[in-house]
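# Per-entry structural report
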Amino acid sequence: QVLSHGAPSLQKVTANAPALARRVNDRLAAVVAANPKRFQAFAALPTSEPALAADELERCVKLGFKGAMI
């Protein structure tokens, strides 16, 4: 099962969106790590800051995420 944050996730967040994305993605990574045979994940991205969204996607893929839900 692939887990992600519900819509609109961080698309409407502007204040502190990069820090919030990192925090929610770290929590999601912990859930997946606790049961990797059952769960995978899509990252939440701070789309209000495109360059930082790309950085967060790269970081999450390195953590094993399968992509992002936009």
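Structure first, text after, so check above.
A quick note: this is a predicted structure, and the numbers were derived from the prediction, not measured.

Turning to the nonpolar core, a few remarks are in order. Counting 11 residues, the largest nonpolar core is built from Leu-3, Leu-28, Ala-29, Val-32, Phe-39, Ala-41, Ala-43, Leu-45, Ala-53, Cys-60 and Phe-65. For this core, the elements supplying multiple residues, two or more each, are helix H1 (17-34), strand S2 (40-43) and helix H2 (50-62). With 3 residues, H1 is the single largest residue contributor to this core. Ignoring any residue separated from it by four or fewer positions in sequence, one finds Cys-60 in contact with Asn-25, Ala-43 and Phe-65.

We now examine the pattern of salt bridges. Considering all chains together, one arrives at 3 salt bridges under this definition. When the shortest N-O distance is used, the salt bridge between Glu-58 and Lys-62 registers 3.4 Å. Highlighted residues: Glu-58 and Lys-62, both in helix H2, separated by 4 residues, approximately one helical turn. Residue classification places Lys-62 among the exposed residues on the basis of a relative accessible area of 67%. Connected through salt bridges with shared partners, the residues Asp-26, Glu-56 and Arg-59 form a single ionic network.

This part takes up the packing of H1 against H2. Interhelical geometry of H1 versus H2 gives an angle of 15° and a closest axis separation of 10 Å. With respect to H2, the axis of H1 lies roughly parallel. For the pair H1 and H2, the sense of crossing is right-handed. Here Pro-18, Ala-21, Arg-22, Asn-25 and Asp-26 of H1 come into contact with H2, specifically with Leu-52, Glu-56, Arg-59 and Cys-60.

The alternating pattern of S2 places Ala-41 and Ala-43 on a buried face, while none of Gln-40 and Phe-42, on the opposite face, is buried. In this structure, strand S1 (residues 2-3) lies alongside S2, joined through 2 bridges in parallel fashion. From the neighbouring strand, Leu-3 faces S2, where its bridge partner is Ala-41. Inspection of the sheet shows S2 paired to strand S3 (residues 67-68) by 2 bridges, in the parallel sense. Bridged to Ala-43 within S3 is Ala-68. One crossover worth recording links S2 to the parallel S3 by way of H2, and it is right-handed.

Rules used in this analysis
- Residues numbered from 1 in each chain as written.
- Predicted model: local features only at pLDDT ≥ 70, side-chain atom pairs only at ≥ 80, totals over all residues.
- Heavy atoms only, no water.
- Core = buried A, V, L, I, M, F, W, Y, C linked by side-chain atoms within 4.5 Å.
- Buried < 20%, exposed > 50% of the residue type's maximum accessible area, 1.4 Å probe, protein only.
- Helix = DSSP H or I, 4+ residues; strand = E, 2+ residues; numbered from the N terminus.
- Contact = heavy atoms within 4.5 Å.
- Salt bridge = Lys/Arg side-chain N within 4 Å of Asp/Glu carboxyl O.
- Axes fitted to C-alpha atoms, helices over the stretch in contact; angles between N-to-C directions.
- Parallel < 35°, antiparallel > 145°, perpendicular 65-115°, else oblique.
- Left-handed = near helix turned anticlockwise from the far one by under 90°.
- Pairing = 2+ DSSP bridges.
- Right-handed = clockwise from strand over helix to strand, strands pointing away.

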